[in-house]
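Each chain is listed here by its residues.
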Amino acid sequence: MASDKHRFTLGISVEHFDFRVDLHRFIEALSAQCDVVVFTDRPFAQPIRGLKEVRLYRNRRSLLAGFVSRLFLMTRRLPKSRNNFFITEASGLSSLPPARQRRGMFYLTIRRFIPWGISVDAVLPWLRGGDATEIGDIDAFLHVTRIGSLPFLSRAQNSGRPNAAYIYSWDHPCKHTTIPRRGISTYFTWNKALSEDMAVLQGVRPELQYEVGATQLAFLKEYLETPAARKRMVPSDYIYYACGTGILNLVQEEVVAILRLAAALREVSPQTVLLVRPYPNLTDWSVYEPLKQEKNIQIDWFRQEGQGRQLTSAQIFEKYNKIEHARAVVHLGTTLGWEACYFDHPVMFLAMADLPTISGSGNLTNLDQFIHQYHNDRYMILEKYPNVVKNTADLVPLLRGVLDHPADFMAYNREVAEATPLRSLEEIASDILGKLKPAMAVN
């Protein structure tokens, strides 16, 4: 057991840390209560108040670990929602150089036709020798999904210190293959429903799960509690459309859906603008050029020229301001659609069965499969409500109803929002440390 003078040190392993602004602030909240060391795969320039250190993973050359890693890529056991897995992997490949895309596509093609799979728990013991990162000063580990470095995870689990996981997003239980069932003392989730997903889709025991809330929604709580930020920024009437995918063929299909929405809006309310927010993780926004030809479409160029994927706190508040003051928010599967349900304006989900499919060599999925991913069907496509658009022909009457009788569409918002009460980053940090510190004392 640590001495009384020892300050508890939490090691956090995380991927894509450069643009997850909520995690930057979350680590500031944790750092006010303990020392924090971040383990990640790439350096980042943004300073984080109170952070003790950032350590990049140090790989150790190991023929065995290298062989097992490649074998796992081709044969990994998939979650029960296979569709989510292939869409996620295709999205990740789309931002890589061509050679790495081809190699990744090769692995995915093999995986698609293999009827069996190897669990991450089966390979972790074989990967321990592949990591040489310094971890001697760490009292407990928190692995934020998606878990990136399996050799690091294996070594952390073998360290004799508590290991916990934070399920970062509402779609992570249904798509990730690197969430272990063993060696994790606590799985922190958004809410009870996601804990159920972890049990059903990932095989994690319910007694190991603890609901703490969503760091992704903490900025929304701050916005709602900041009156000065809520003054209307866009003077005209508009419907806000949030793009949901960065996979090229799916973006092209989504553009078709947006054009149909714009045509229906012109018929119902010619003076109302369709304000389109591009997908933030798509690096090349030129694919949205066809939208600029429509008179009632405006593009929300929210990212400054040369800016990376990371948004500032002010830009995040601007997003919420545009959501709050829209006549309605429309999407076909995105976290922004979830966030919009905390406001008093209708949210429409486009689940049109008659959208065209753009096929091509190497395409792993289409827009219909994207729309009907597990998490969308479970949490967003609630067909008992009129908010779900099932066919293009339904757009005109639904838009007319949304603009003329918005209160008829608000029960949908309440059901989605009530699943996850908004909590501050400080509250989430305190709950997580409240679980990990006693576990350290026991160890």
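Parameters at a glance
Residues numbered from 1 in each chain as written. Predicted model: local features only at pLDDT ≥ 70, side-chain atom pairs only at ≥ 80, totals over all residues. Heavy atoms only, no water. Pairing = 2+ DSSP bridges. Helix = DSSP H or I, 4+ residues; strand = E, 2+ residues; numbered from the N terminus. Axes fitted to C-alpha atoms, helices over the stretch in contact; angles between N-to-C directions. Phe/Tyr/Trp six-rings, centres within 6.5 Å; stacked < 30°, edge-to-face > 60°. Buried < 20%, exposed > 50% of the residue type's maximum accessible area, 1.4 Å probe, protein only. Expected span 1.5 Å × (residues − 1). Arc of directions from axis to C-beta. Salt bridge = Lys/Arg side-chain N within 4 Å of Asp/Glu carboxyl O. Polar contact = N/O pair within 3.5 Å; in protein donor to acceptor, adjacent residues only side chain to side chain. Contact = heavy atoms within 4.5 Å. Core = buried A, V, L, I, M, F, W, Y, C linked by side-chain atoms within 4.5 Å.

A few words now on the sheet that holds strand 3 (residues 53–56). If you trace the seven strands from one edge of the open sheet to the other, you get 3-2-1-4-5-6-7, paired in parallel fashion. Two strands bound the open sheet, and with one partner strand each, they are strand 3 and strand 7 (209–211). Neighbouring strand axes in the sheet, compared pairwise and without regard to direction, differ in orientation by 25 degrees on average. One ladder, built from four bridges, connects strand 1 (residues 9–13) with strand 4 (residues 140–144); its direction is parallel.

Now for the packing of aromatic side chains. Centre distance and the angle of the planes are the two values used to describe a pair of aromatic rings. Tallying each qualifying case throughout the model produces 19 aromatic pairs. Summarising the aromatic geometry, the rings of Phe188 and Tyr210 are spaced 6.1 Å apart at their centres and angled 75 degrees between planes, so their arrangement reads as edge-to-face. Here Phe188 is found in strand 6 (residues 186–189), whereas its partner Tyr210 is found in strand 7, with 22 residues between them in sequence. Under the relative-accessibility criterion, Phe188 is labelled buried at 0%. The class of Tyr210 is partly exposed, set by a relative accessible area of 29%. Each ring, one from Trp285 and one from Phe302, has its centre 5.2 Å from the other, and the planes form 50 degrees; the classification is tilted.

Extensive coverage of helix 14 (residues 395–404) is indicated by the burial of seven of its ten residues. Residues Leu395, Val396, Leu398, Leu399, Gly401, Val402 and Leu403 constitute the buried set of helix 14.

The next thing to look at is helix 4 (residues 98–113). For helix 4, built from 16 residues, the straight-helix expectation of 22 Å at 1.5 Å per residue is met to within 8% by its first-to-last C-alpha distance of 23 Å. Within the sequence span of helix 4, burial applies to Gly104, Tyr107, Leu108 and Arg111. Along the axis of helix 4, the buried positions cluster into a sector of 100 degrees, meaning they face one direction only. When the buried face of helix 4 is taken as reference, the exposed residues oriented beyond 90 degrees from it are Pro98, Arg102 and Phe113.

Between side chains of opposite charge, pairing is possible as soon as their charged atoms come close. Scanning all chains against the criterion turns up 25 salt bridges. Of the charged contacts, one joins Arg230 and Glu324 as a salt bridge, the two residues approaching to 2.6 Å between their closest N and O atoms. Pair noted here: Arg230 is in the loop between helix 8 (218–224) and strand 8 (238–242) and Glu324 is in helix 10 (residues 313–324), with a separation of 94 residues, a long-range link. Overall, the relative accessible area of 12% leaves Glu324 in the buried class.

Quick look at the side chain of Thr335 now. Note on placement: Thr335 falls in helix 11 (residues 335–340). Judged by its relative accessible area of 19%, Thr335 is buried. In terms of polar contacts, Thr335 uses its side chain to reach the side chain of Trp170, at 2.9 Å. Ignoring sequence-local partners within four residues, the contact set of Thr335 consists of Trp170 and Gln216.

Turning to the side chain of Asp35, a few remarks are in order. For Asp35, the location among the structural elements is in strand 2 (residues 35–40). Reaching out from Asp35, the side chain makes a polar contact with the side chain of Arg7 at a distance of 2.7 Å. With sequence-adjacent residues up to four places away left out, Asp35 is seen in contact with Arg7, Phe8, Thr9, Leu10 and Lys52.

Counting residues in each nonpolar core, the largest one holds 118 residues, and the members touching the most others are Leu10, Tyr241, Leu274 and Tyr288. Looking at this core, the element that brings in the most residues is helix 9 (residues 248–268), giving ten residues. Each residue touching Leu10, except ones within four places of it in the same chain, is listed here: Leu30, Cys34, Asp35, Val36, Val37, Ile138, Ala140, Phe141, Leu142, Leu433 and Leu436. Counting residues in hydrophobic clusters, the runner-up holds ten residues, among them Ala65, Val120, Leu124 and Leu153.

Moving on, we get to the environment of Leu422. Along the chain, Leu422 turns up in the loop between helix 15 (410–418) and helix 16 (425–442). Residue classification places Leu422 among the partly exposed residues on the basis of a relative accessible area of 22%. Counting along the chain gives 203 residues from Leu422 to Phe219, while the straight-line C-alpha distance between them is 9.4 Å. Aside from chain neighbours lying at most four places away, what touches Leu422 is Leu217, Leu220, Lys221, Leu224 and Tyr342.

What follows covers the sheet that holds strand 8. Paired through their backbone hydrogen bonds, the strands of a sheet run either parallel or antiparallel. Across the sheet, which stays open at both edges, the six strands sit in the order 10-9-8-11-12-13 with parallel pairing between neighbours. Looking along the sheet, the strands with just one partner apiece sit at the ends: strand 10 (297–299) and strand 13 (388–389). Across three bridges, the pairing between strand 11 (residues 328–331) and strand 12 (residues 347–350) is parallel. For Val330, the partnering residue across the bridge sits in strand 12 and is Met348. Against the sheet, helix 10 makes contact with strand 8, strand 9 (273–277) and strand 11, and its axis sits at roughly 130 degrees relative to strand 8, the strand it touches most.

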